[in-house]
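Understanding the architecture of this molecule
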Amino acid sequence: LIYHNIGDEDEIRYRVANALEMLLIKEHQHQYPANVSLGILKRAAVARAMIMRPKLILMDEPTAGLDRISRAVLLALIGNIRRINHVSMVLVTHDLLAARELGGEIGVLKEGDLLQPMNFEQLKNCQDSFVEFLFRQLEEEAAMTGGPAA
């Protein structure tokens, strides 16, 4: 914020405190990155983005490497932020369930081309062979891990 000349010291402190509270990481604000979990690091990344009050956030694989609980918490927090702050988000992910949980339209890249964006149910019923393959992979993974299926 200082670099972008946004706000005085009180405004900056307010924005930082608000972002830390929104992402439930205030108690970690004085810890080094090496001393916190991957889930906390990912939430801190979202907090850094939110401090600037963007209209659009691009997230690249936000749930990658997280355990089920950390994943669920992060997705719930991201969903709340999107609703409360009216922020648009572009989520780049291989996690179809994360895309479903965050709602909105889903676009699938197939050989460099974007298939028509659609909601999760439309995507699930899509007759495209690549999309069908993605859902088969999801079902197989769920069967192997006991995780949720589409």
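So, here is what we can say about the structure in this document. Note that the structure is a prediction, hence the values are computed from the model and not measured.

Cut-off values and rules
- Residues numbered from 1 in each chain as written.
- Predicted model: local features only at pLDDT ≥ 70, side-chain atom pairs only at ≥ 80, totals over all residues.
- Heavy atoms only, no water.
- Patch = residues over 30% accessible without salt bridge, like charges linked within 9 Å, V, L, I, M, F, W, Y side chains within 5 Å.
- Areas by Shrake-Rupley, 256 points an atom, 1.4 Å probe, with all protein chains shown as cover.
- Salt bridge = Lys/Arg side-chain N within 4 Å of Asp/Glu carboxyl O.
- Helix = DSSP H or I, 4+ residues; strand = E, 2+ residues; numbered from the N terminus.
- Buried < 20%, exposed > 50% of the residue type's maximum accessible area, 1.4 Å probe, protein only.
- Lys, Arg positive; Asp, Glu negative; His and termini not counted.
- Contact = heavy atoms within 4.5 Å.
- Phe/Tyr/Trp six-rings, centres within 6.5 Å; stacked < 30°, edge-to-face > 60°.
- Lys NZ or Arg CZ within 6 Å of the ring centre and 35° of its normal.
- Pairing = 2+ DSSP bridges.
- Right-handed = clockwise from strand over helix to strand, strands pointing away.

With that out of the way, let us pick up a nonpolar patch on the surface. Residues Leu-56, Leu-58, Val-90 and Val-92 make up a contiguous nonpolar surface patch of about 370 Å² in total accessible area. Contributions of two or more residues to the nonpolar patch are made by β1 (56–60) and β2 (88–92). For Val-90, the position within the fold is in strand β2.

Attention now goes to the side chain of Arg-43. In this fold, Arg-43 is placed in helix α2 (residues 38–51). Summary of buried charges: Arg-43 has no salt-bridge partner, and the nearest side chain of opposite charge, Glu-27, is 6.2 Å away. When residues no more than four places from it in sequence are discounted, the contact partners of Arg-43 are Leu-23, Leu-24, Ile-25, Val-73, Leu-74 and Leu-77.

This paragraph deals with the packing of aromatic side chains. Considering all chains together, one arrives at two aromatic pairs under this definition. On the numbers, 5.5 Å between centres and 65° between planes, the contact of Phe-120 with Phe-135 is edge-to-face. Here Phe-120 is found in helix α5 (residues 120–124), whereas its partner Phe-135 is found in helix α6 (residues 129–145), with 15 residues between them in sequence. One residue, Arg-100, lies across the ring of Phe-120, its end atom 5.4 Å from the ring centre.

Moving on, we get to the pairing of β1. Side chains Ile-57 and Met-59 of β1 all project onto a buried face; the interleaved residues Leu-56, Leu-58 and Asp-60 project onto a face where none is buried. In this structure, β1 lies alongside β2, joined through five bridges in parallel fashion. Across the sheet, the residue bridging to Asp-60 is Val-92, located in β2. As for the winding sense of the linkage, the β-α-β connection from β1 through helix α3 (residues 68–85) to β2 is right-handed.

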